[in-house]
Amino acid sequence: MLMPVLTPAELWEATGRLAISEIFRLKDRTGRDFILPVTHEETVTFHAREIQSYKQLPQLWYHFQTKGRDELRPRGGLLRLREFVMKDAYSFDRDEEGLRTSFEKNREAYERIFERVELETYYVQAESGIMGGKFSFDFLAPSGSGENTLVVCETGDYAADLEVARAIPRAAELPEPLDAPEEVETPGVTTIEGLAELLGIDATATSKAMPVVKEDALVLALIRGDDRLSETKLYDALPGASRPATDEEIRSAFGAGGGSLGPIGFEGEVVADETLREGQFVAGANRDGWHLRGVQAGRDYEPRFADLREPREGDRCPECGGELRFRTAIEVGHIFNFGAFYSAPLGATFVDEDGTEKPLLGGSYGIGPARVLAAIVEQHHDEDGLVWPRSVAPYDVHVVVLSGLEEQGERVAELLDEAGFDVLLDDRDLRPGEKFADADLLGCPTRVTVGRKTLEDGAVDVRDRATGGEQRVELERLVEGVRR
RNA sequence: CGGGGUGUGGCGCAGCCUGGUAGCGCGCUCCGUUCGGGUCGGAGAGGUCCCCAGUUCAAAUCUGGGCACCCCGACCA
């Protein structure tokens, strides 16, 4: 089906997604609000209100449609655009089990697609953001460019998006423990590097603090000094947290500036990374130019523990202890199990076998054709140009006709065309070298060269783009020769 | 919004620091040559040097202002 692009804003108001900053908004001449959707959950769920009975379930609807996204900064060629085509499917089921089945079917379908187009992808847990729903998964295709970082174990048993990846960090190198925290003057020190150097300790023996605002209250996030805070994990651990605290808020709550913050003496909630559960660490003293040695969770402050750190290359795999590597990747597909997230606010219900009214349970399954192509190009090229996988090659056979043999070349092309191949015929009046170079650049799987010398023998040359292997094939056996 | 960069024949760039006839490669036109991996030679056409103002005998070049585009960051279903 073909769904509309222009969408009444009320639908998005109802699900809460109107708040998303990158939604394209517009008004008609009477001032009514519309949006250009980034996905069509609201649209399909609105129409799914027509579903009355469990007997009409399950349903699976899909379309290819232009999507709009008011990007802060479009970039990356085909990867991040204000307008792009997406193939997305939406399932509706009567219960969790049905939803799981629909979800699995769509996942399998996508995996078969990626397999068929010869795209190396990893199926990984994704962050769902404000999309809602219980879980979502990404298909990530490693590539030279891309905006996702894929964390993979060297042994191949673990793969995850950096934003949600778990990892085992290197062990901390801690100095002798103290009986109680001890103040130490650290004038002018505002970085972990400076702190570790001044105190003559390893960065892993320090902690750093980041205050965030959650529903008008300050919360202190605490991680080990050598780590980076994962914002995704932080906001997962602190539902409702919205932004880093401002300098003024920090000053009034802690009585000190950004470089000297710590958990001791802070009135609000402290969320500490798991790495701080055991041992003593240096922390800010909440007094400019001072730190505390020997600060121990559980003894000196009572934090809630959570996984807050961003994994680093070289960390250990949570499954097997193997070394974790990073690869940049393109997100080529994203599938969601969102349950009643849309059907509940939009009132899309049905009557089940037992006579009760229930919300439809939904999933959505998106795949970006342009991104898939971009990823294929990244994974299938060499220094001369593209090397198309057969299933997505624009043509199966590229017939290069050398000048003066146009008629014979056309016959060869017709022969192949009649045999069912998609044929590209290059009969331009150019030097052979230029045509070969162009054929390499375009990257059709097979090249057939029609030249005078081979033609005298009643043959042509058939060349495989991927391997560069070339073979002389008699004209009578051309079709088999190409098919091989 | 912050940081950086770029604007010069159709395309890609050099020249700018240190002001003085605007240059290179590719492409294009014509003649010849060559013809299974981007031939070779010759002749030629083509430019408000992003815009405005200023300094100067003289500005692509220096100064000020503006515009456009690109990259990085914030953001990101």
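Computed from a prediction, not measured in an experiment: that's the story for all the values here.

**Re the overall build of chain A**
Consideration 1: Counting secondary structure elements, chain A contains 12 helices and 30 strands.
Consideration 2: What you see for chain A is a C-alpha radius of gyration of 30 Å, clearly larger than the 23 Å of a compact globule of 484 residues, by over 25%.
Consideration 3: Looking at chain A as a whole, 48% of its 484 residues qualify as buried.
Consideration 4: For chain A, the proportion of contacts with a sequence separation of at least 24, taken over those separated by at least 6, is 68%.
Consideration 5: Counting every atom, chain A has about 24,000 Å² of accessible surface; 49% of that belongs to carbon and sulfur.
Consideration 6: Counting 56 positive and 92 negative side-chain charges, chain A places the centres of these two groups 2 Å from one another.

**Some details on the sheet that holds strand β3 (residues 33–36)**
Consideration 1: Taken in spatial order, the three strands make up an open sheet running β1-β3-β2, and their pairing is antiparallel. Here the strands that pair on one side only, and so sit at the sheet edges, are β1 (7–8) and β2 (24–27).
Consideration 2: Pairing of β2 with β3, which is carried by four bridges, proceeds in the antiparallel orientation. By the bridge assignment, K27 is partnered in β3 with D33.

**Section: the domain arrangement of chain A**
Consideration 1: Taken as a whole, chain A is organised into domain 1 (7–163 + 325–377), domain 2 (182–310) and domain 3 (390–483).
Consideration 2: Using C-alpha coordinates to define each centre, domain 2 is positioned 67 Å away from domain 3.

**Examining the protein's contact with RNA strand B**
Consideration 1: The environment of RNA strand B is formed by 33 residues, the closest being I20, V38, R80, R431 and D440.
Consideration 2: At the protein interface, 34% of the atoms of RNA strand B within 4 Å belong to sugar or phosphate.
Consideration 3: Separating a base oxygen of RNA strand B from a side-chain N or O atom of R447 is a distance of 2.7 Å.
Consideration 4: At 2.7 Å from a base oxygen of RNA strand B is found a side-chain nitrogen or oxygen belonging to T454.

**Quick notes on empty space enclosed by the protein**
Consideration 1: All chains considered together, the criterion is met by one cavity of 30 Å³ or more.
Consideration 2: Each pocket or cavity is described by its volume, and for the largest cavity that value is around 40 Å³.
Consideration 3: What lines the largest cavity is S207, L222, P263, L276, F281, V282, A283, V295 and Y301.
Consideration 4: A per-element tally of the lining of the largest cavity places strand β16 (residues 280–284) first, with three residues.
Consideration 5: By residue class, the composition of the lining of the largest cavity is eight nonpolar, one polar and no charged.

**Looking at the layout of surface pockets**
Consideration 1: Looking at the second largest pocket, its volume works out to about 280 Å³.
Consideration 2: If you trace the second largest pocket, you find 13 residues lining it, with I113, V117, I367, P369 and V372 closest to the centre.
Consideration 3: Of all the secondary structure elements, the ones that give two or more residues to the lining of the second largest pocket are β4 (59–68), α3 (96–116) and α8 (369–379).
Consideration 4: Among the elements that line the lining of the second largest pocket, the one with the most residues is α8, at four residues.
Consideration 5: Across the lining of the second largest pocket, the residue classes break down as 10 nonpolar, one polar and two charged.

**A short note on the state of the cysteines**
Simply put, disulfide is the name for a covalent bond between the sulfur atoms of two cysteines.
Consideration 1: Within this structure, the stated rule accounts for zero disulfides.
Consideration 2: Here C153 stays free of any disulfide, with the sulfur of C320 as its closest cysteine sulfur at 3.5 Å.

**A word on the nonpolar core**
Consideration 1: If you look at the biggest cluster of nonpolar residues, it comprises 24 residues, and the most contacted ones within it are Y110, F114, L119, V332, I335, Y365 and V372.
Consideration 2: When residues of this core are traced back to their parent elements, those giving at least two are α3, β7 (135–142), β20 (324–339), β23 (361–367) and α8.
Consideration 3: Not counting residues up to four positions away in its chain, the partners in contact with Y110 are K87, A89, F139, I335, Y365, G366 and I367.
Consideration 4: With 22 residues, the next largest nonpolar core counts L222, I250, L261 and A297 among its residues.

**Comments concerning the packing of aromatic side chains**
Consideration 1: Scanning the model with the defined rule gives 13 aromatic pairs in all.
Consideration 2: For the ring pair Y62 and F64, a centre distance of 6.4 Å and an interplane angle of 75° mean the geometry is edge-to-face.
Consideration 3: Relative accessible area serves as the criterion here: at 46%, Y62 is assigned to the partly exposed category.
Consideration 4: Seen in terms of ring centroids, Y123 and F139 are 5.2 Å apart; in terms of plane orientation they differ by 45°. Their pairing is tilted. On the criterion of sequence distance, the pair formed by Y123 in strand β6 (residues 122–125) and F139 in strand β7 is long-range, its members being 16 residues apart.

**Details of the pattern of salt bridges**
Consideration 1: Under the defined criterion, the tally for this structure stands at 38 salt bridges.
Consideration 2: Ionic pairing is found between R80 and E147, a salt bridge with its closest N-O pair at 2.8 Å. Of the two residues, R80 is situated in the loop between β4 and β5 (83–93) and E147 in the loop between β7 and β8 (148–153); the sequence distance between them amounts to 67 residues.
Consideration 3: A relative accessible area of 41% places E147 in the partly exposed class.
Consideration 4: Here R94 and E353 are joined by a salt bridge, their closest N and O atoms 3.5 Å apart. Of this pair, R94 sits in the loop between β5 and α3 while E353 sits in the loop between β21 (349–351) and β22 (357–359); the two residues are 259 residues apart in sequence, bridging distant segments of the chain.
Consideration 5: By relative accessible area, which is 27% here, R94 ends up partly exposed.
Consideration 6: On the basis of relative accessibility, which here comes to 57%, the residue E353 falls in the exposed class.
Consideration 7: Salt bridges here are not isolated pairs; linked through shared partners, they connect R69, E71, R80, E147 and R371.

What counts, and at which threshold
The residue count restarts for each chain, going from 1 along the sequence in the order it is written. Each chain takes a letter, starting from A, and each ligand takes a number, starting from 1, following the order in which they are written. Residue-level local features of this predicted model are given only where pLDDT is at least 70; pairs of side-chain atoms are given and counted only at 80 or more, and the full residue set underlies all totals for whole chains, interfaces and linings. Based on all heavy atoms of the structure, the side-chain values leave hydrogens and waters out of the count. Every helix listed is a DSSP run of H or I at least four residues long, and every strand listed is a run of E at least two residues long, numbered separately from the N terminus. The reference for a compact globule is 2.2 Å times residues^0.38; the radius of gyration itself is calculated from the C-alpha atoms. Burial here depends on accessible area, computed with a 1.4 Å probe over protein chains only, as a share of the maximum for the residue type. Under 20% is buried, over 50% is exposed, and the range in between is partly exposed. Two residues form a contact once any of their heavy atoms are found within 4.5 Å. Here the accessible surface of atoms and residues is derived via Shrake-Rupley with a 1.4 Å probe, and residues count as covered only by protein chains that are part of the display. All tallies of charge rest on Lys and Arg as positive and Asp and Glu as negative; His and the ends of each chain are not included. For the purpose of locating charges, the reference atoms are NZ of Lys, CZ of Arg, CG of Asp and CD of Glu. Two strands qualify as a pair provided DSSP detects at least 2 bridges between them. Domain delimitation in this document rests on an assignment produced automatically or drawn from a domain database. Nearness is judged by heavy atoms alone; a residue qualifies as near a molecule or strand once a single heavy atom is within 4 Å of it. Nitrogen and oxygen atoms within 3.5 Å of one another constitute a polar contact, given that in protein one can donate a hydrogen and the other can accept it, and given that sequence-neighbouring residues count only through two side-chain atoms. Method remark: on a 1 Å grid restricted to protein atoms, a set of points is classed as a cavity if a 1.4 Å probe fits but cannot get out and as a pocket if it is open with protein on both sides within 12 Å along at least five of seven lines; lining residues have an atom within 4 Å of a point. Grid points are joined across faces, edges and corners, and a volume is the space filled by probe spheres set on the points. By the convention adopted, Pro, Cys, Tyr, Trp, Phe, Met, Ile, Leu, Val and Ala count as nonpolar, Lys, Arg, Asp and Glu as charged, and the other residues, Gly among them, as polar. The definition used for a disulfide is geometric: two cysteine sulfur atoms within 2.5 Å. Side-chain atoms within 4.5 Å are what join buried Ala, Val, Leu, Ile, Met, Phe, Trp, Tyr and Cys residues into a set we call a nonpolar core. Pairing of aromatic rings covers Phe, Tyr and the six-membered ring of Trp, with a centre-to-centre limit of 6.5 Å; geometry is then stacked below 30 degrees between planes, edge-to-face above 60, and tilted otherwise. Any Lys or Arg side-chain nitrogen found within 4 Å of a carboxyl oxygen on Asp or Glu counts as a salt bridge.

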